[in-house]
Amino acid sequence: MEKLRLGVIGFGNMGTSHVRNVWEGRVPEMTMGAICDSAQVRQEAARHRYPEVPVFASATQLFQSGLCDVVLIATPHYDHPALAVEAFRNGLHVITEKPAGVYTRQVKEMNAAAVSSDKLFGIMYNQRTNPVYQKLRQMIHRGDLGHIKRIIWIITDWYRPQAYHDSSTWRSAWKTEGGGALINQNPHQLDLWQWLFGMPDRIYARASFGKYYDIEVEDDVMAYMEYDNGTTGEYITSTGEAPGTNRLEIACDMGKVVVENNRLTFHRNVLSEREHNRINTEPFGRPECWECNVPADFSGGSQHVGILNNFAATVLHGDKLLAPGTEGLLGLTISNAIHLSAWTGETVDVKHFPDDRFYELLQEKIRASTVVKKESQVIVDNSKTY
């Protein structure tokens, strides 16, 4: 069987997981071609664990080695676009970890490089493999919900103590990570938001920066979203609540949908609310409603391994890519818009997002950064994931 030779750039938290999945045969149509990390300690760790796999100190060396067909970028966020562009120039397929980048301007440049190449571009949006969200998307696109009135997503089960923020030199600072909860923990949910409901037209947000921790980036966020068709949305996230909540609630003409604890429940009106309102004559009359537990595979899906298997099948057999890399711009635009609104107090036009203005304000945050981490403060633990 033909196999894709995978190069993993970044042998840190997620990189080690991806290497392990391929090495242990969970992605049958991929084999490990090479590993790269700029840190000597991680290079040594990779050689110790996988002595048969070549290890490089720079991405350029890996790109030019001829040992790989596809590279997976699992480095700190700012590096994703530049590494992807270089990989495309070297004739390689690319998968990037989330987020696509830190600011929309750099991601648009990356997307342009991907489009101008003849190589496949994917992003590690592994939550798209979750059968519950796939079923919900199918229901929405099929029209089962009717018009969506309001979306509320409370996603506060991202608890991260101070020890987490201190676990790496690049975490939780504008200069090195580019944000906090939105850019690190929430890219999956922001992607799912647009994947399910489409892009909002306007966003107004409030955020707290270092509310719970000794960090300079956001750890508590509330965003209000508006769509031109009348749909509204509320997005609430935090890394400072324990225990937290992950509940998606959708109010719609046909009732209410709730996703919680990886279960999908449709409180389905027998008659749509709008039609009931048109014909009802009773002052307190309500539509008849059935509680329906929608059948789906509740295991959570194939996750990271599923994205890798889908990518390999798309390259080798022409399957459809589940998570195209160019779509990373969409969730990032929502993230950037929330930041911009929180910084300025303005309602942000998402359809005409001001890339340059956001970039300029981000640079101001970077210049004003006061966070300095010493290597002695850093906890090295490659077993943990994002």
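Analysis parameters
Residues numbered from 1 in each chain as written. Predicted model: local features only at pLDDT ≥ 70, side-chain atom pairs only at ≥ 80, totals over all residues. Heavy atoms only, no water. Pairing = 2+ DSSP bridges. Helix = DSSP H or I, 4+ residues; strand = E, 2+ residues; numbered from the N terminus. Contact = heavy atoms within 4.5 Å. Axes fitted to C-alpha atoms, helices over the stretch in contact; angles between N-to-C directions. pLDDT = per-residue confidence, 0-100. Phe/Tyr/Trp six-rings, centres within 6.5 Å; stacked < 30°, edge-to-face > 60°. Buried < 20%, exposed > 50% of the residue type's maximum accessible area, 1.4 Å probe, protein only. Parallel < 35°, antiparallel > 145°, perpendicular 65-115°, else oblique. Nonpolar A, V, L, I, M, F, W, Y, C, P; charged D, E, K, R; others polar. Expected span 1.5 Å × (residues − 1). Polar contact = N/O pair within 3.5 Å; in protein donor to acceptor, adjacent residues only side chain to side chain. Salt bridge = Lys/Arg side-chain N within 4 Å of Asp/Glu carboxyl O.

**Q** So what about the sheet that holds strand E6 (residues 121-123)? Which residues, and what values?
**A** In sheet architecture, strand pairing relies on hydrogen bonds along the backbone and comes in two forms, parallel and antiparallel. Here six strands make up an open sheet; going across it, the order is E3-E2-E1-E4-E5-E6 and the pairing parallel. Each edge of the sheet is formed by a strand with only one pairing partner; in this case those strands are strand E3 (55-56) and E6. Direction of pairing for strand E4 (residues 70-73) relative to strand E5 (residues 93-96): parallel, over a ladder of four bridges. The residue of E5 that forms the bridge with Val71 is Val94. Packed on one face of the sheet, helix H10 (residues 303-317) meets strand E1 (4-9), strand E2 (30-36), E4, E5 and E6 and runs near 160 degrees to E5.

**Q** Tell me what's going on with the confidence of the model for the protein chain, and back it up with residues and numbers.
**A** Counting all residues, the mean pLDDT for the protein chain is 94, and 96% of those residues have values of 70 or more. Every residue in residues 374-386 scores below 50 in pLDDT, and together they form 29 contacts with partners more than four places removed in sequence or on other chains.

**Q** Any chance you could break down the packing of aromatic side chains for me, citing the residues and the numbers?
**A** Here the structure, examined in full by the defined rule, presents 13 aromatic pairs. Relative to Phe209, the ring of Trp174 has its centre 6.0 Å away and its plane inclined at 50 degrees; by these criteria the two rings are tilted. Residue Trp174 is found in the loop between helix H7 (162-165) and helix H8 (187-197), and its partner Phe209 is found in strand E8 (residues 202-209); the two are separated by 35 residues along the sequence. With a relative accessible area of 31%, Phe209 lands in the partly exposed category. Both rings, one in Trp193 and one in Phe197, keep their centres 5.6 Å apart while their planes meet at 70 degrees; by these two values the pair is edge-to-face. Taken as a pair, Trp193 and Phe197 lie in helix H8 at a separation of four residues, close to a single helical turn. Trp193 gets classed as buried once you look at its relative accessible area, which sits at 0%. On the basis of relative accessible area, Phe197 is assigned to the buried category, the value being 14%. An aromatic cluster is built from Tyr133, Trp153, Trp193, Phe197 and Tyr235, whose rings are joined through pairwise contacts.

**Q** Hey, could you go over the pairing of strand E10 (residues 232-238) for me, with residue numbers and the actual values?
**A** For E10, the buried fraction is high: five of the seven residues fall into the buried class. Where strand E7 (residues 148-155) and E10 come together, six bridges link them in parallel fashion. Across the sheet, residue Ile154 finds its bridge partner in E10, namely Ile236. With seven bridges connecting them, strand E9 (residues 218-226) and E10 associate as antiparallel partners. Residue pairing in the sheet places Val221 in a bridge with Thr237 of E10. Where E9 folds back on E10, the antiparallel hairpin that results is connected by five residues, among which Gly230 adopts a positive phi of roughly 100 degrees.

**Q** Any chance you could break down the sheet that holds strand E15 (residues 348-349) for me, citing the residues and the numbers?
**A** Pairing is mixed in the open sheet, where nine strands are placed in the order E14-E13-E12-E11-E7-E10-E9-E8-E15. Edge positions in the sheet fall to strand E14 (289-293) and E15, since each has one partner strand and no second. Taken together, the five bridges between strand E13 (residues 263-269) and E14 define a ladder with antiparallel strand orientation. By the bridge assignment, Asn269 is partnered in E14 with Cys289. Set on the sheet, helix H6 (residues 131-142) makes contact with E7, strand E11 (246-252), strand E12 (255-260) and E13; between it and E13 the angle comes to about 25 degrees. Here H8 sits on the sheet in contact with E7, E9, E10 and E11, set at roughly 165 degrees to E7.

**Q** Please provide a residue-by-residue account of the packing of helix H5 (residues 104-116) against helix H11 (residues 328-344), values included.
**A** Closest axis-to-axis distance for the H5/H11 pair is 10 Å, and the angle between their directions is 170 degrees. As far as their axial angle goes, H11 and H5 are roughly antiparallel. The segment H5 lies against H11, with Thr104, Val107, Lys108 and Asn111 engaging Leu329, Leu332, Thr333 and Asn336. For the contact of H5 with H11, a count of residues per class yields three nonpolar, four polar and one charged.

**Q** Before we move on, can you summarise H6 with the specific residues and values?
**A** Here H6 spans 16 Å end to end across twelve residues, near enough to the 16 Å set by a 1.5 Å rise per residue. Turning to H6, its buried residues are Pro131, Val132, Tyr133, Leu136, Met139 and Ile140. Among the residues of H6, the N-terminal cap falls to Asn130, whose side-chain oxygen and the backbone nitrogen of Val132 are separated by 2.9 Å. Among the residues trailing H6, Gly143 stands out with phi positive, at a value near 90 degrees.

**Q** Go over the pattern of salt bridges, please, and point to the residues and values.
**A** Taken as a whole, this structure holds 19 salt bridges when the rule is applied. A salt bridge links Arg5 to Asp69, with the shortest nitrogen-to-oxygen separation between them at 3.1 Å. A residue pair is termed long-range when its members are at least 10 positions apart, and Arg5 in strand E1 and Asp69 in the loop between helix H3 (59-63) and E4 qualify at 64 residues. One salt bridge in this structure joins Glu260 and Arg247, with 2.7 Å as the shortest N-O distance. Taken together, the positions of Glu260 in strand E12 and Arg247 in strand E11 put the pair 13 residues apart, joining distant regions of the chain. Residue class for Glu260 comes out partly exposed when judged on its relative accessible area of 27%. Since its relative accessible area comes to 25%, Arg247 is described here as partly exposed. One network of salt bridges, with partners in common, ties together Asp201, Arg202, Glu226, Asp228 and Lys351.

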